[in-house]
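The primary structure of each chain is shown beneath.
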Amino acid sequence: MNKHLGHALPRVDGRLKVTGQATYPSDVSLPHMLHAHLVMCTIAEGRIALIDTSAAEAIPGVITVITHENAPRLQPLSFPQVGQPPSSAGNGFLPLQDDRVRFNGQVIAVVVAETPEQASYAAGLVTVAYDREPHQVDMETALHAGFKPKTGGFGEDVDYSRGAVKNGLAEADVTVRPHYNTAINHHNALAPFATVAAWEGDRLTVYDAIQGVHIERSVLAEWLSLPLDKVRVISPFVGGAFGSGLRTNAHSVIAAIAARRVGHPVKLVLTRKQMYTSVGHRPQTHQELTLGARWDGQLTALRHDAVHATSMGDEYVDVNTEVTQMLYACPNLEASTRLVRLNIDTPCPMRAPPQANGVFCLESAMDELAFAVGIDPLELRLRNYADSDPETGLPWSSKSLKDCYVQGAERIGWERRTSTPRSMHEGRYLIGLGVATTTYPTFKSGASASVRIFPDGSALVQSGSADIGPGTYTIMTQIAADTLNIPINQVRFELGDTALPYAPLEGGSMTAASVGSAVHDACHSARSRLAELLNRDKNSPLAGSSAEDLEIVADSVRRTDDPSRSERLADLLGRHGLPHLEAKVKSPGAGKPRQFSSHAFGAHFVKVRVDPDTGEVGVIHFVSTIAAGRILNPNTARSQIIGGITGGIGHALMEQTEFDLASGRIINANLSEYHIPVNADVPDLEVIFIQEKDPHVNPLGAKGIGEIALIGVAPAIANAVFHATGIRIRDFPILPEKLLA
Ligand code: MOS
């Protein structure tokens, strides 16, 4: 039954999106709704000595201004926010609770008015006097104060070792010890985040841009001291998130506070500038690697020490060494993660945390080693290929990385690559070819889904998941249609509402595996139930059929091998007094102990062109080969990969959030000065999927592809730039001026 899975079905929500009918939170309009605008602080550390809201309150249309002086108290969370380690439970920034400010751009007040214009104008009239204290936003200066976080994202010790690096280095013929810096990156979702909050008595409904409605409900309920069933979160469409919608951010609860205070629904839309200090970012890192190898390229020692920034009041941990620990077969390996505190907004997961930054440095260092030992960089990776997981010792559930290397190399024309840097030219341009590996673990969380089959033959499938762009609506519809054996246009899939069955957050590339399995299992159960009903009635033309024999077409159920044996669903359901046939299933998360290590793998190959006079780097050919189990929809899957590559081009060459050290203020909090790739920066991207059959990961055999796309893109580009120019930039991103220095 693979009529739809594996096929390039166009997005089922595509028409809604391009015709403007998809409802994002900023599109929600409720009767008597008022508008809120945030006020942000302008110093990076200190106290609010005085906050004067009188001028703002005097503006026509302004209803109220809420500050720490009159905001309700919020209850701290008893559990960590999504993307934060278990050890950070009880931490977490709570807005408007006291006079303390810890970063420039922190929210300190909210104005509620009849129109958005009145609210934003009045917000500018709130005056504040501060007691300033010294602040720090410069990571380099703060590096010496690095500390070890209690745990990583999974509760693990952030330090890791196997063998002894000291011994491995003694065996090495060649050692490289590069140090790298990566910059702060911001998610920059296309749609600024927005929240609409409405109260009916003590019941709160929140329309939000969020990656998991059920988890947001838990957070809001606890912050506001409400029972779970008094909170409903609705988020059918999200205009991009990339991790910034994993945790419930301050503005969401502020909208709820404001709506309760004024007794009307309130809409709060962040400005682009506010997005830079309100929804997290990919943290700045400093990473030191030591690689020892024999002349044949065999790694004998690998050490990876990573430091990244977090905020003053909170702990967010990216274990940037995660991939280092499992990618190559190296017997002696040590890794550490440290944090430094800066006066910044708390970082959060950003597409492929923590691998994006970790692999940037690991795969750059592998390229440095390849050059040092004089071995082709692709060959070096093959010589250190891990046939089982070196970290856990477990066999891979499947691994097709060699195929990825081979096919990608062929497609990019790797055999034409000269071994000497700065030796390839096209006209006056320097040409370089680079490669890097990508991998991402396969996660599966518990999830629930429900199915209803109605007398008219239509099926409604529901799970409170999210679709932040990867195509969740589409693939869930495909899974349901194939599992129910029903035409695709008779299936409707709904998500993004806590009124629907529980689903985990859409993060960690696990939605296809988790929610997909739940949809699969629920539809499977519905079909069995259908067969069971039929078989209760010996006179049914379909009596004696098993679930596998059946299909639904139009308003009837019939046998696939003999369509003349058919019965109208209305008759069948009517006989049993049922308004519809229903099944609801909870699918489990990945079990433990695990027998296999499951990861998606891939390789990125890139050809760059560097202008020797200006230092501009152009990505002119990019080939990604991805092996991620079964590809459920090549259309949406390709879209995921090209999106990830585009993010990786930004990561390598452009994206960098910059601070004014004196004020601690972000100076490029806008899309004209924070550079992201535009069409002219992105060539035609080639994506090759290596199909894998992996029976171990989940019933669908899909490994997830949201994050793997971006990992490894930046080092592939950096390595190509080195090959083109002979210049090794270790301070990312690779801006043109760095190549001219
Ligand atoms: Mo992803 S950064 O887990 O949303």
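Residues numbered from 1 in each chain as written. Predicted model: local features only at pLDDT ≥ 70, side-chain atom pairs only at ≥ 80, totals over all residues. Heavy atoms only, no water.

**Student:** Could you give me a rundown of the overall build of the chain, with the residues and numbers involved?
**Tutor:** Across its full length, the chain holds 18 helices and 30 strands. Its C-alpha atoms give the chain a radius of gyration of 27 Å, near enough to 27 Å, the size a compact globule of 741 residues would have. Projected onto the principal axes, the alpha-carbon positions of the chain cover approximately 80 × 70 × 50 Å. By residue count, 62% of the 741 residues in the chain fall in the buried class. (Helix = DSSP H or I, 4+ residues; strand = E, 2+ residues; numbered from the N terminus. Rg over C-alpha atoms; globule rule 2.2 N^0.38 Å. Buried < 20%, exposed > 50% of the residue type's maximum accessible area, 1.4 Å probe, protein only.)

**Student:** Which residues make up the sheet that holds strand β18 (residues 429–441), and what values do they have?
**Tutor:** With mixed pairing, the five strands of this open sheet are ordered in space as β17-β18-β26-β27-β30. A strand with exactly one partner marks an edge of an open sheet, and here the two such strands are β17 (424–426) and β30 (685–689). Strand after strand, the sheet turns through a mean of 25° between neighbouring axes, direction not considered. Alignment of β18 against strand β26 (residues 599–610), held across 12 bridges, turns out to be antiparallel. (Pairing = 2+ DSSP bridges. Axes fitted to C-alpha atoms, helices over the stretch in contact; angles between N-to-C directions.)

**Student:** So what about helix α6 (residues 213–223)? Which residues, and what values?
**Tutor:** Burial runs high along α6: 10 of the 11 residues are buried. Those residues of α6 that sit buried are V213, H214, I215, E216, R217, V219, L220, A221, E222 and W223. Buried residues along α6 sit in contact with β11 (203–208), β12 (231–234) and α7 (250–262). (Contact = heavy atoms within 4.5 Å.)

**Student:** Explain the packing of helix α10 (residues 355–373) against helix α17 (residues 713–725) to me, and be specific about the residues and the numbers.
**Tutor:** Packing of α10 against α17 brings their axes to within 8 Å, and their N-to-C directions diverge by 30°. Accordingly, the angle class assigned to the pair α10 and α17 is roughly parallel. Our pair here, α10 against α17, has a crossing hand that is right-handed. Between α10 and α17, the contacting residues are V359, F360, E363, S364, D367 and F371 on the first element and A714, P715, A718, N719 and F722 on the second. In the contact of α10 with α17, the residues fall into seven nonpolar, two polar and two charged. (Parallel < 35°, antiparallel > 145°, perpendicular 65-115°, else oblique. Left-handed = near helix turned anticlockwise from the far one by under 90°. Nonpolar A, V, L, I, M, F, W, Y, C, P; charged D, E, K, R; others polar.)

**Student:** Kindly report on the sheet that holds strand β24 (residues 566–568), identifying the contributing residues and their values.
**Tutor:** Sheet architecture is open: three strands sit in the order β22-β23-β24, paired in antiparallel fashion. Sheet topology places β22 (550–553) and β24 at the edges, where each strand pairs with a single neighbour. The average undirected angle you get between the axes of adjacent strands in this sheet is 25°.

**Student:** Describe empty space enclosed by the protein, naming the residues involved and giving the relevant values.
**Tutor:** Under the criterion given, the structure shown has five cavities of 30 Å³ or more. Quantified by volume, the largest cavity comes out at close to 60 Å³. What lines the largest cavity is Y24, P25, S26, A191, P192, F193, A194, A209, G239 and G240. Looking at the lining of the largest cavity, its residues break down into seven nonpolar, three polar and no charged. (1 Å grid on protein atoms, 1.4 Å probe; cavity = no way out; pocket = protein on both sides within 12 Å on 5 of 7 lines; lining within 4 Å. Points joined across faces, edges and corners; volume = space filled by probe spheres on them.)

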